Amino acid sequence: MNSFYLDNAATSHPKPEAVYRAVDAALRSGGSAGRGSHQQGIVADREVFATRELLAQLFGVSSSERFVFTANATQALNLALFGLLNGGDRVVTTSMEHNAVTRPLRALQDRGVEIVKVAANPHTGVVATADIQAACLATPTRLLVINHASNVFGSLQPLDDLGSWCRQQGIVLLVDGSQTAGLLPINLNELAIDLFAAPGHKGLLGPQGTGFLYVHEGIELRPLIYGGTGANSHSAQQPEMLPERFESGTFNIPGLAGLSAALRFLLETGVAQIHAREIQLVQLLINGLAQIHQVQLYGPPADQPRGSAVSFTIKGMDTATAGYLLDQRGIAVRTGLHCSPDSHRSCGTFPAGTIRVSPGFFTTAAQINYFLEQVDSLKTAF
Ligand SMILES: Cc1ncc(COP(=O)(O)O)c(C=O)c1O
């Protein structure tokens, strides 16, 4: 068991105590949402409803039925992409996407969807708004899909005016919020985001096996999965209504109960406070790494708006060896390509990849300092 977990960009750990308790209680209580009018079924129903309402509150949306539960962000992104696109459609995306976006897009390309990738600045990993807009306007575009913050370099993409611009142009905007949900204040209404995919298990601090897709009113998607929803069982047709249309099959009630507890924790603590705290840790981390002679840092500098993932390499040591040596010293980081080869190609770290360190809500400054000492001491391992 690692004592210092610095891999929160993969999944956050630990979770707030209330999350463990809620998962345990839901599993013991039993019952399946929408599947029975007995008391256990009603408790499960309420749990699902409460979790949706909390998501709506956190993301500034009034209608919670627009939040569709999925098992992770990948499923949410697949639902958005395969549910929306048809052969002949044109999609603009960036060179900073995770495989959860690039692989579905690659598969859609084989079905006649045109994909255009806008290149990022190789030093910061940030894509310029003007470049995105120019790519979108070159030929009629159906969808813009963009990662909010890079899971490799922490690069934050400029979403501020993109949503309203996309609406003016009639372009659907899909945002992969995997690295910002729960970590940055996000108001989906103010940002005019049409589709927003996120995991429940990273910054939202919920259990693995949870995620969601937000679908703005007026956006029509085909379901990817058909089946029982607990309502309108007489009909052979998949319901039209949200969220049932996209939620066939038994819910992950323990997972959603845990997510619900995590969302309450986030709302009580305040996402802005969480962000401010994490940025302090990230600054400590980046400034500390910059002092270590053999370290090469990538991505936005400490004083620019950014997410929490920090990538670096150590001269003369491959990333897997560095990861192994740190693990031996009780520090969990991730090494390699982080499921995002395009990001590494964009920033010159392909194919070797990087060492990625990602603090989380429960990380302390003392842990970051210990981490920095250990990276410095790797010199002796050369
Ligand atoms: C930017 C980004 N997109 C998508 C995903 C996929 O998330 P999940 O593992 O919840 O499917 C991740 C996970 O690492 C990610 O960082």
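Keep in mind that this is a model prediction, so the values were computed, not measured.

**Student:** When you look at the overall build of the chain in this model, what are you seeing that I'm missing?
**Tutor:** For the chain, the helix and strand inventory stands at 11 helices and 13 strands. Scaling as 2.2 N^0.38, a compact globule of 382 residues should have a C-alpha radius of gyration of about 21 Å, and the chain matches this with 21 Å. Taking the principal axes of its C-alpha atoms as reference, the chain extends roughly 70 × 55 × 35 Å. Among the 382 residues that make up the chain, the fraction classed as buried is 49%. In the chain, the share of contacts with a sequence separation of at least 24, taken over all contacts with a separation of at least 6, comes to 71%.

**Student:** So what exactly am I meant to see when it comes to the sheet that holds strand β6 (residues 172-176) here?
**Tutor:** Within a beta sheet, neighbouring strands are joined by backbone hydrogen bonds and run either parallel or antiparallel to one another. Taken in spatial order, the 7 strands of this open sheet run β2-β8-β7-β6-β5-β3-β4, and their pairing is mixed. Where the open sheet ends on each side, the last strands, each with one partner, are β2 (67-70) and β4 (114-118). Direction aside, the axes of adjacent strands within the sheet are offset by 20 degrees on average. Strands in contact with helix α5 (residues 129-138) are β3 (90-94), β4 and β5 (143-147); relative to β4, the strand with the most contacts, it is inclined by about 160 degrees.

**Student:** So what exactly am I meant to see when it comes to the nonpolar core here?
**Tutor:** Note on soluble globular proteins: their nonpolar side chains tend to be buried together. Residues Ala-80, Leu-144, Leu-195, Leu-213 and Tyr-214 are the most contacted members of the largest nonpolar core, which totals 78 residues. If you count residues domain by domain, this core takes at least three from each of domain 1 (4-14 + 271-381) and domain 2 (17-269). The contact partners of Ala-80, leaving out residues within four places of it in the chain, are Leu-174, Leu-195, Ala-197, Leu-213 and Leu-221. Grouped together as the second largest cluster of nonpolar side chains are 26 residues, Phe-4, Tyr-5, Ala-309 and Cys-347 included.

**Student:** Can you help me understand the site of the ligand in this one?
**Tutor:** Lining the immediate surroundings of the ligand are 14 residues, of which Asn-72, Thr-74, Asn-151, Ser-178 and Pro-199 lie closest. Counted by class, the shell around the ligand contains 5 nonpolar, 8 polar and 1 charged residues.

**Student:** Help me understand helix α2 (residues 39-58) in this model?
**Tutor:** Since there are 3.6 residues in each turn of an α-helix, residues three or four apart along the chain are aligned in direction. Between its terminal C-alpha atoms α2 stretches 29 Å, which fits the 28 Å expected from 20 residues at 1.5 Å a residue. In the core, the buried residues of α2 are packed alongside α1 (17-29), β2, β8 (211-215) and α7 (253-269). Trailing α2 by a residue or two, Gly-60 shows a phi angle of about 70 degrees, which is positive.

**Student:** Just to check I follow, could you spell out the pairing of β4 for this structure?
**Tutor:** Strand residues, when the strand is regular, have side chains that alternate between the two faces of the sheet. As paired strands, β3 and β4 are joined by 5 bridges and run parallel to one another. Looking at β4, one finds that Thr-94 is bridged to Val-118.

**Student:** Before we go on, may I ask you to explain the domain arrangement of the chain in this structure?
**Tutor:** By a frequent convention, interface size equals the accessible area lost on bringing the separate parts together. Once the domains are mapped, the chain shows domain 1 (4-14 + 271-381) and domain 2 (17-269). A straight line from the C-alpha centre of domain 1 to that of domain 2 covers 27 Å. Among the residues forming the side of domain 1 that touches domain 2, the class breakdown is 12 nonpolar, 16 polar and 5 charged.

**Student:** I'm lost on the sheet that holds strand β9 (residues 295-298) in this one. Help?
**Tutor:** Here 4 strands make up an open sheet; going across it, the order is β9-β10-β13-β12 and the pairing antiparallel. Across the chains shown, the open sheet's two edge strands, defined by having one partner strand only, are β9 and β12 (334-336). Geometrically, the sheet is characterised by an average inter-axis angle of 30 degrees between neighbouring strands, direction not taken into account. As judged from the 3 bridges shared by β12 and strand β13 (residues 354-357), these two strands associate in the antiparallel manner. Paired with Gly-336 across the strands is Thr-354, a residue of β13.

**Student:** I would appreciate a short explanation of the environment of Ile-355 in the present structure.
**Tutor:** Mapped onto the elements, Ile-355 comes out in strand β13. Looking at Ile-355, the number of C-beta atoms within 10 Å reads 24, which means it is buried. Considered as a pair, Ile-355 and Ala-100 are 255 residues apart in the sequence and their alpha carbons are 20 Å apart.

**Student:** Can you help me understand the packing of helix α3 (residues 73-84) against helix α4 (residues 99-109) in this one?
**Tutor:** It is the contact of α3 with α4, at a shortest axis distance of 9 Å, that shows an interaxial angle of 30 degrees. With respect to α4, the element α3 is oriented roughly parallel. In this structure, the crossing between α3 and α4 has a hand that is right-handed. Across the interface between the two elements, Ala-73, Thr-74, Leu-77, Asn-78, Leu-81 and Phe-82 from α3 touch Ala-100, Val-101, Pro-104, Leu-105 and Leu-108 from α4. Residues that form the contact of α3 with α4 fall into these classes: 9 nonpolar, 2 polar and no charged.

**Student:** In this structure, what is going on with the pairing of β3? I would like to understand it.
**Tutor:** Of all 5 residues in β3, 4 are buried, a share of seventy percent or more. For the handedness criterion, the β-α-β arrangement of β3, α4 and β4 is classed as right-handed. Direction of pairing for β3 relative to β5: parallel, over a ladder of 2 bridges. Bridge assignment links Val-91 to a residue of β5, and that residue is Leu-143.

**Student:** Got a minute to help me understand helix α6 (residues 162-169) in this structure?
**Tutor:** Those residues of α6 that fall on the buried side of the exposure criterion are Leu-162, Gly-163 and Cys-166. Taken end-on, α6 shows its buried residues confined to a sector of 100 degrees, consistent with a single buried face. Packed against the buried residues of α6 are α5, β5 and β6. Once α6 ends, the next one or two residues include Gly-170, with phi positive near 75 degrees.

What counts and how
- Residues numbered from 1 in each chain as written.
- Predicted model: local features only at pLDDT ≥ 70, side-chain atom pairs only at ≥ 80, totals over all residues.
- Helix = DSSP H or I, 4+ residues; strand = E, 2+ residues; numbered from the N terminus.
- Rg over C-alpha atoms; globule rule 2.2 N^0.38 Å.
- Buried ≥ 20, exposed ≤ 12 C-beta atoms within 10 Å, placed from the backbone.
- Contact = placed C-beta atoms within 7 Å.
- Pairing = 2+ DSSP bridges.
- Axes fitted to C-alpha atoms, helices over the stretch in contact; angles between N-to-C directions.
- Core = buried A, V, L, I, M, F, W, Y, C linked by C-beta atoms within 7 Å.
- Domains from an automatic or database assignment.
- Near = placed C-beta within 6 Å.
- Nonpolar A, V, L, I, M, F, W, Y, C, P; charged D, E, K, R; others polar.
- Expected span 1.5 Å × (residues − 1).
- Parallel < 35°, antiparallel > 145°, perpendicular 65-115°, else oblique.
- Left-handed = near helix turned anticlockwise from the far one by under 90°.
- Right-handed = clockwise from strand over helix to strand, strands pointing away.
- Arc of directions from axis to C-beta.

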